[in-house]
Amino acid sequence: MDKSTAIVITGGYLDTSSAKTAHGLIRGTDRFEILGIIDDKNQGKDAGEVLDGKKRRIPIYATVEDFNNSGQKAKYCIVGVATKGGVIPDSLREVMKEALQGGLSIVNGLHEYVSDIPELVSLAQEKRLEIIDVRKPKKVKDLHFWSGKIKEVKCPKIAVLGTDCALGKRTTTRFLVEAMRKAGYKAEMIYTGQTGWMQGAKYGFVFDSTLNDFISGEMEHAVVTCYHEAKPDIIFIEGQSSLRNPSGPAGAEWIVSADADAVVLQHNPARKQYKDMEYYPAYLPDLKDEIALIQIYGAPTVAVTINSAKMKEQEARAAAKKYAQDLGIPAILPLEDGVGGLVPIFETLIKNSLAKV
């Protein structure tokens, strides 16, 4: 895949969880070559060092104009933040306007579409630039109902689920794909959010902008198409939200409609209530209970992956050790240690699937 050059705008939120789209693109993308981040609070720094202390040679600029004056030239300006309600605030509109005036096309993953803002549409047309609204839903004629074809898929299908939103499920999914490829296997990722598409995953759909009647079918279609076209040894499916998040429960489709053979469960031990729902009397489930619920839906949980946000590393490692002892399955820290230790689990699943063919 030829990469298009791009910058990412974060509105001063690069060092917060609101910029998780930017975080994913900084960690890696096969679709774009990221030349810079626009974040006025962190100008002059390296984006990787701000994100997780790892230098990635992606400079941060205060404004789009500063980037353009640097001598580099990008094709796209990507919106790298998730705003409240997915709306485009006036501050972001101004940055997008500046980007278009500077000759950059817009890639937007928010719920509100840039293509619905007349001023920006007019400017894009005048400059002969693109507006790509990643979350814009397909036409009904292009959507799929669930058909049962999922049973054609003979390789293992692994759902990477979580106990809440914004836990790093997409990042862990990508790490797992990379680890299996490094081990010599053909692994593919099914994206289910806008950032997965931006990172270059070929197969998938945007879960939260798909009509409910078609979610199971789109999930199945993505997995089946991936299996027949890419002929992978294993498929990892990016999770969204969680089974019991009251603001948007999700996960059953991954296990039931995509017929997942196993689950990797992402969890943050320091998080007690659902993200941005501290006002609501609902608490993250005990992992034993969540794993039991996942099993009732039809899949075993083969590993726990720990998001260590707001924890000291020693605390996170202690939690992982306790989970491994209590649950009898591996519990690892993906960002700190990678996921290579889980490769033998998936090798066994691949061998077992080949024995059944």
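Presented here is a report on the structure given in the accompanying data block. Here the residue numbers are simple positions, counted from 1 along each chain's written sequence. Local features in a predicted model are, by the rule used here, given only for residues with pLDDT of at least 70; side-chain atom pairs are given and counted only at 80 or more, and totals for whole chains, interfaces and linings are based on all residues. Water and hydrogen atoms were dropped before computing side-chain values, which therefore reflect all heavy atoms in the structure.

## Concerning unusual backbone geometry
For clarity, the cut-off: Per-residue accessibility, obtained with a 1.4 Å probe over protein chains only, is compared with the maximum for each type, and a residue is labelled buried under 20%, exposed over 50%, and partly exposed between these values. Segments assigned H or I by DSSP are reported as helices when at least four residues long, segments assigned E as strands when at least two residues long, and all are numbered from the N terminus.
Positive phi, normally seen in glycine, also occurs at Arg57, with a value near 55 degrees. For Arg57, a relative accessible area of 77% translates into the label exposed. One non-glycine residue, Lys310, lies in positive phi territory at about 60 degrees. With respect to the helices, strands and loops of the structure, Lys310 is situated in the loop between strand S12 (301-306) and helix H11 (313-327). Using a relative accessible area of 85% as the deciding quantity, one classes Lys310 as exposed.

## Considering the pairing of strand S7 (residues 157-162)
The condition is simple: Here, any two strands with at least 2 DSSP bridges between them count as paired.
Where burial is concerned, most of S7 is hidden: six out of the six residues are buried. Neither face of S7 is exposed, since Lys157, Ala159 and Leu161 on one face and Ile158, Val160 and Gly162 on the opposite face are all buried. Across four bridges, the pairing between S7 and strand S10 (residues 234-238) is parallel. Note that in S10 the partner of Ala159 across the bridge is Ile237. Pairing geometry for S7 and strand S11 (residues 262-267), over five bridges, is parallel.

## Digging into the sheet that holds strand S3 (residues 60-61)
As summarised here, the arrangement of the six strands in space is S3-S2-S1-S4-S5-S6, forming an open sheet in which the pairing is parallel. Every other strand in the sheet has two partners, leaving S3 and strand S6 (131-133) as the edge strands with one partner each.

## Some points on the packing of helix H4 (residues 90-101) against helix H5 (residues 118-127)
Convention followed: Axes here refer to lines fitted to C-alpha atoms; in helices the fit is confined to the stretch in contact. Angles between the N-to-C directions go from 0 to 180 degrees. For classification purposes, angles smaller than 35 degrees are called roughly parallel, those larger than 145 roughly antiparallel, those between 65 and 115 roughly perpendicular, and all remaining angles oblique. Two residues qualify as a contact provided that any one of their heavy atoms is within 4.5 Å of a heavy atom in the partner residue. Amino acids are sorted into nonpolar (Ala, Val, Leu, Ile, Met, Phe, Trp, Tyr, Cys and Pro), charged (Asp, Glu, Lys and Arg) and polar (every other residue, Gly among them).
For the pair H4 and H5, interaxial distance at closest approach is 9 Å and the crossing angle is 10 degrees. Looking at the two axes, H4 sits roughly parallel to H5. Of the residues in H5, those in contact with Arg93, Met96, Lys97, Leu100 and Gln101 of H4 are Glu119, Leu120, Leu123, Ala124 and Lys127. Residue classes in the contact of H4 with H5 are distributed as five nonpolar, one polar and four charged.

## Describing the sheet that holds S10
Paired through backbone hydrogen bonds, the strands of a sheet run either parallel or antiparallel to each other. Read from one edge to the other, the open sheet built from seven strands follows the order S9-S8-S10-S7-S11-S12-S13, with strand pairing classed as parallel. With one partner strand each, in any of the chains shown, strand S9 (203-204) and strand S13 (331-332) form the two edges of the open sheet. In the sheet, strand S8 (residues 187-191) pairs with S9 via two bridges, with the strands oriented parallel. What sits directly across from Ile190, in S9, is Tyr203.

## So, H5
Inclusion rule: To obtain the arc, one takes the directions from the helix axis to the C-beta atoms.
Here H5 has its buried residues at Leu120, Leu123 and Ala124. Seen end-on, H5 carries its buried residues on one side only, within an arc spanning 100 degrees. Turned more than 90 degrees from where H5 packs its buried face, Pro118, Gln125 and Glu126 sit exposed. On its buried face, H5 is in contact with H4 and S6.

## Some words on the nonpolar core
Quick reminder of the rule: As used here, the term nonpolar core means buried Ala, Val, Leu, Ile, Met, Phe, Trp, Tyr and Cys residues forming a set that is joined through side-chain atoms within 4.5 Å.
Core analysis: the biggest nonpolar cluster contains 68 residues, and Ile34, Ile37, Ile78, Met96, Met180, Phe236 and Phe346 have the highest contact counts within it. Of all the elements, strand S2 (residues 32-38) adds the most residues to this core, at five residues. Counting residues in each nonpolar core, the second largest holds 41 residues, with Cys155, Phe207, Ala222 and Ala299 among its members.

## Remarks on the pattern of salt bridges
To keep things clear, this is the line we draw: By definition here, a salt bridge exists when the distance from a side-chain nitrogen of Lys or Arg to a carboxyl oxygen of Asp or Glu is within 4 Å.
All chains considered together, the criterion is met by 18 salt bridges. Here Asp30 ties to Arg174 by a salt bridge, and the two come within 3.7 Å at their closest N and O atoms. Here Arg174 lies in helix H6 (residues 169-182) and Asp30 lies in the loop between helix H1 (20-27) and S2, a separation of 144 residues in the sequence. Owing to a relative accessible area of 35%, Asp30 belongs among the partly exposed residues under this scheme. Here Asp142 and Lys141 are joined by a salt bridge, their closest N and O atoms 3.3 Å apart. Overall, Lys141 belongs to the exposed group, its relative accessible area being 67%. Connected via shared salt-bridge partners are Arg27, Asp52 and Arg56.

## Overview of the packing of aromatic side chains
To keep it simple, the criterion reads: Working definition: rings of Phe, Tyr and Trp (its six-membered ring) pair if their centres are within 6.5 Å, and the pair is stacked with planes under 30 degrees apart, edge-to-face with planes over 60 apart, and tilted otherwise. For a lysine, the NZ atom is tested; for an arginine, the CZ atom; a charge sits over a ring if that atom is within 6 Å of the ring centre and within 35 degrees of the ring normal.
Using the criterion set out here, one finds six aromatic pairs in the structure. Centre to centre, the rings of Tyr61 and Phe67 are 5.5 Å apart; their planes meet at 80 degrees, and the pair counts as edge-to-face. For the pair shown, Tyr61 and Phe67 are each scored as buried. Aromatic ring contacts, followed pair by pair, group Phe32, Tyr76 and Trp197 into a single cluster. For Arg31, the ring lying beneath its charged end belongs to Trp197, and the centroid distance is 4.1 Å. Above the face of the Tyr13 ring, Lys41 is positioned so that its terminal group lies 5.6 Å from the ring centre.

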